[in-house]
Amino acid sequence: MEQLSSVWDSFLNHARYVFTSPLDPTNRIFYVYVGSSLLIAFAIYAVKRRNASHVDGESSFLGFLFPRKVWDHPSAWLDIRYFFFHKLIGHFLILGLLAGSAALSYQWASGGLDPNNSPRAEPLVGWLGALATFTYMLILFLIMDFIGYAAHYLQHKVPLLWQFHKVHHSAEVMHPLSNFREHPIDNILYNVAIGFGAGAVTGFAFRLLGYQPNMPALLGVPVLMFLFNVGGYNLRHSHIWLRWPGVWSKVFPSPAHHHVHHSCHPDHLDKNFAFMFPFWDVLFGTYIMPEDNRDVKFGVTEKDKGHEMDTCMKLYFLPFRDAWRILNKKRRPSSYQAPDADAASRHSVK
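Notes on the structure follow. (Residues numbered from 1 in each chain as written. Predicted model: local features only at pLDDT ≥ 70, side-chain atom pairs only at ≥ 80, totals over all residues. Heavy atoms only, no water.)

### Some details on the nonpolar core
Core analysis: the biggest nonpolar cluster contains 15 residues, and F141, M225 and M276 have the highest contact counts within it. Put simply, the parts of the chain that give this core at least two residues each are α8 (126-157) and α11 (223-230). For M225, the contacting residues outside a window of four places in its chain are R28, F141 and M276. (Core = buried A, V, L, I, M, F, W, Y, C linked by side-chain atoms within 4.5 Å. Buried < 20%, exposed > 50% of the residue type's maximum accessible area, 1.4 Å probe, protein only. Helix = DSSP H or I, 4+ residues; strand = E, 2+ residues; numbered from the N terminus. Contact = heavy atoms within 4.5 Å.)

Right, dumping it as structure tokens:
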């Protein structure tokens, strides 16, 4: 009974966290990140207004932010319902996976130390300490982003994983809460993989320096992550197109980079997998950046039947059905095709 009460108390604490997400600097919809995206959106609106008599059929900034083509679509409202459904249920159940995988890899990388009771050493100070801190942060984010790129690539290329990842791509219009249209299996893959990478980097840093560096932070968030979020992160899942000019779009992440990734246009399929550093896409040949968004259409291709995923429960359970069909299809050739081929061969001899 006490355990049940403890779980319930944990759930209530988690629910409070979900409903206060805009007040948490570690959350993507923190009011500062949303506010910075609004400022960027207003600048885009102002430029468009200067160059044309109307902006996407809307005369006001409010209309530009909330166009009918987005908010008349059922997909937009499904994302709002799914945000609370998935955050309250799926995220609560998988909350400990990131910490657990990080702890295991930390013990391995540090030579068996307990991450909660590691011996303390005096950190480096002065310019040497600052250099160690910034180098640690950069290496950590580079490795985490590369792991994220690799996991993302596999989600698109491995049919079994795609059945779960297509939940995220099934959104036909996008707004900031579309970011959270993710299947729990997706979350598990990312949490375990990135948690393992982060723990390994931290463990190696401890073995090398004798202490765990504290990353430079703003509002308790590592500087690189804070800048990434405040630089228009919430426009990545939106209808507002913003690409950096020239080569800069290959170096710094822009909302357009991710818009193209969500596009079901044939030229855009399986492109732009990176999260923070687009040069991973450049390096591995998966980068594409059109001059404008005339060919960008959100959603999945017809064969993936994204239109079926029109309720929260379907977003959760239809991928399991489709994954099961793939597994069955892989088993059938060895069980059924060979006898049929032999029978046909025998028939032809007669």
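Still more to cover.
### Regarding the packing of α8 against helix α9 (residues 159-169)
It is the contact of α8 with α9, at a shortest axis distance of 6 Å, that shows an interaxial angle of 105°. By the angle between their axes, α8 is roughly perpendicular relative to α9. Mapping the contact onto sequence places H152, L154, Q155, H156 and K157 in α8 and P159, L161, W162, H165 and H169 in α9. For the contact of α8 with α9, the residue count by class is four nonpolar, five polar and one charged. (Axes fitted to C-alpha atoms, helices over the stretch in contact; angles between N-to-C directions. Parallel < 35°, antiparallel > 145°, perpendicular 65-115°, else oblique. Nonpolar A, V, L, I, M, F, W, Y, C, P; charged D, E, K, R; others polar.)

### So, the layout of surface pockets
Put simply, the second largest pocket is a space of about 580 Å³. For the second largest pocket, the lining is made up of 24 residues, of which W162, Q163, K166, K303 and D304 are closest to its centre. Sorting the residues of the lining of the second largest pocket by element identifies α9, α12 (255-262) and α14 (312-349) as the ones contributing at least two each. By residue number, the principal contributor to the lining of the second largest pocket is α9, which donates five residues. (1 Å grid on protein atoms, 1.4 Å probe; cavity = no way out; pocket = protein on both sides within 12 Å on 5 of 7 lines; lining within 4 Å. Points joined across faces, edges and corners; volume = space filled by probe spheres on them.)

### Digging into α9
With eight of eleven residues buried, α9 is to be regarded as a mostly interior element. Within α9, the full set of buried residues consists of W162, Q163, F164, H165, K166, V167, H168 and H169.

### Quick notes on the side chain of S37
With respect to the secondary-structure elements, S37 resides in helix α2 (residues 31-51). In this structure, S37 is in contact with G232, Y233, N234 and L235, ignoring residues within four places of it in sequence.

### With respect to the environment of H73
Mapped onto the secondary structure, H73 falls in the loop between α4 (68-71) and α5 (74-88). On a C-alpha basis, the gap between H73 and V173 in space is 7.3 Å, while along the polypeptide they are 100 residues apart. Contacts of H73, omitting those with residues within four sequence positions, involve R68, E172 and V173.

### A closer look at unusual backbone geometry
Unlike most non-glycine residues, D270 shows phi in positive territory, near 60°. Residues other than glycine seldom take positive phi values, yet N272 does so here, at roughly 55°. Looking at the secondary structure, you find N272 in the loop between α12 and α13 (279-284). According to the relative accessible area criterion, N272 is buried, its value standing at 0%.

### Some thoughts on α5
When the terminal C-alpha atoms of α5 are compared, their 21 Å separation across 15 residues agrees well with the 21 Å that a helix rising 1.5 Å per residue should span. Residue Y82 marks the point of greatest curvature in α5, where the axis turns by about 25°. (Expected span 1.5 Å × (residues − 1). Bend = angle between axes of the 7 residues up to and from the residue.)

### Considering the pattern of salt bridges
Summed over the entire model, instances satisfying the criterion amount to nine salt bridges. With a closest N to O distance of 2.5 Å, R181 and D79 form a salt bridge. Separated by 102 residues along the polypeptide, R181 in the loop between α9 and α10 (184-209) and D79 in helix α5 bring together distant segments of the chain. Note on accessibility: R181 and D79 belong to one class, buried. Measuring nitrogen to oxygen at the nearest pair gives 3.1 Å for the salt bridge that ties K314 to D310. (Salt bridge = Lys/Arg side-chain N within 4 Å of Asp/Glu carboxyl O.)

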